[in-house]
Amino acid sequence: MAKEIVIKAATRTEMGSASARRLLKKGVLPAVIGGRDGKSIPIQLEHHAFDMLLKRHTGENLLVDLVVDERTPLKVLLTEVQRHSLTDMTLHADFLEISMTETMRVNIALELAGEPEGVRQGGILEQILFSVEVECLPGDLVESIEVDVSGLQLNGTLTVADLVVPPALKIVSSRDLPIVHVTLPSVAEETVEGAAAAEGAEGKAAEPDVIAKGKKEEEEAE
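Only a predicted model underlies this, so the values are computations on that prediction, with no experimental measurement involved.

With that out of the way, let us pick up the packing of aromatic side chains. In the structure shown here, the tally under the stated rule is one aromatic pair. Seen in terms of ring centroids, Phe50 and Phe95 are 6.3 Å apart; in terms of plane orientation they differ by 75 degrees. Their pairing is edge-to-face. Of this pair, Phe50 sits in helix α2 (residues 47-55) while Phe95 sits in strand β6 (residues 90-97), placing them 45 residues apart in sequence. By relative accessible area, Phe50 is classed as buried at 1%. Phe95 sits in the buried class, given a relative accessible area of 3%.

Attention shifts here to the nonpolar core. Among the nonpolar cores identified, the biggest contains 24 residues, and Ile108, Leu110, Val132, Val134, Ile145 and Leu163 are the most heavily contacted of them. Top contributing element to this core by residue count: strand β7 (residues 104-113), with four residues. Every residue in contact with Val134, bar those within four places of it in the chain, is listed here: Met104, Arg105, Val106, Ile108, Ile145, Leu169, Lys170, Ile171 and Val172. One finds Ala31, Ile33, Leu66 and Phe95 within the second-largest nonpolar core, a separate group that totals 20 residues.

Strand order across the open sheet formed by three strands is β8-β13-β11, with antiparallel pairing between neighbours. Taken across any chain shown, the strands that pair with only one partner, and hence form the sheet edges, are β8 (124-127) and β11 (157-159). With strand direction ignored, the average angle separating the axes of adjacent strands in the sheet is 10 degrees. Sheet topology places β11 next to strand β13 (residues 178-183); three bridges connect them, and they run antiparallel. Each bridged residue has a counterpart across the sheet, and for Thr159 the counterpart in β13 is Pro178.

Another aspect to go through is the sheet that holds β7. In spatial order, the strands read β10-β7-β9-β12; together these four strands make up an open sheet with mixed pairing. The open sheet is flanked by β10 (144-148) and β12 (170-171), the only strands paired with a single partner. Here β7 pairs with β10 via five bridges, running parallel. What sits directly across from Leu112, in β10, is Val147.

Analysis parameters
- Residues numbered from 1 in each chain as written.
- Predicted model: local features only at pLDDT ≥ 70, side-chain atom pairs only at ≥ 80, totals over all residues.
- Heavy atoms only, no water.
- Phe/Tyr/Trp six-rings, centres within 6.5 Å; stacked < 30°, edge-to-face > 60°.
- Helix = DSSP H or I, 4+ residues; strand = E, 2+ residues; numbered from the N terminus.
- Buried < 20%, exposed > 50% of the residue type's maximum accessible area, 1.4 Å probe, protein only.
- Core = buried A, V, L, I, M, F, W, Y, C linked by side-chain atoms within 4.5 Å.
- Contact = heavy atoms within 4.5 Å.
- Pairing = 2+ DSSP bridges.
- Axes fitted to C-alpha atoms, helices over the stretch in contact; angles between N-to-C directions.

Laid out in structure tokens, this is it:
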């Protein structure tokens, strides 16, 4: 089950990027709730407390009882957290109001478990897909789906069809999508790249020699 957390917030009256910067300097995080009626509700919450909650939550889907202005809690899902590209500071949060009795579609992270047999034989494990889309009730959300890769052999591939998920989760993503595979390190590409580099180097070295010879022949002709 996804973790359910109570967060206290207040209605936000100031809008715009300048206002958001002022709030952040005061330790307040601007956020928005997407209401079920299609309207957006701007709110603000304590920045540090929100960051501490995120550190204790490992999955992408966070169910929250959001108490705005001490009113009746709203059941919401954290859908996006915006961060500063350089400092990784939390800048904004988006929530979506939901109903616990209506199914929804969300992406759930895939978590690899085990060491593949093919890796012990010298292969390289490559993860291609990092999450899958599922349909479920909000109360059936899980933080991640475990992918057991321990039995994966050389040149082996696991697809979405190989996932083992709780019955309450209905996978929407295509069953043919590859999640991980194990391959041997490719030496053929390295050989081709090395040959191309050597050929390029020879070409560059030969060019001044041709120019020099041409210049010498001109001098002799004079």
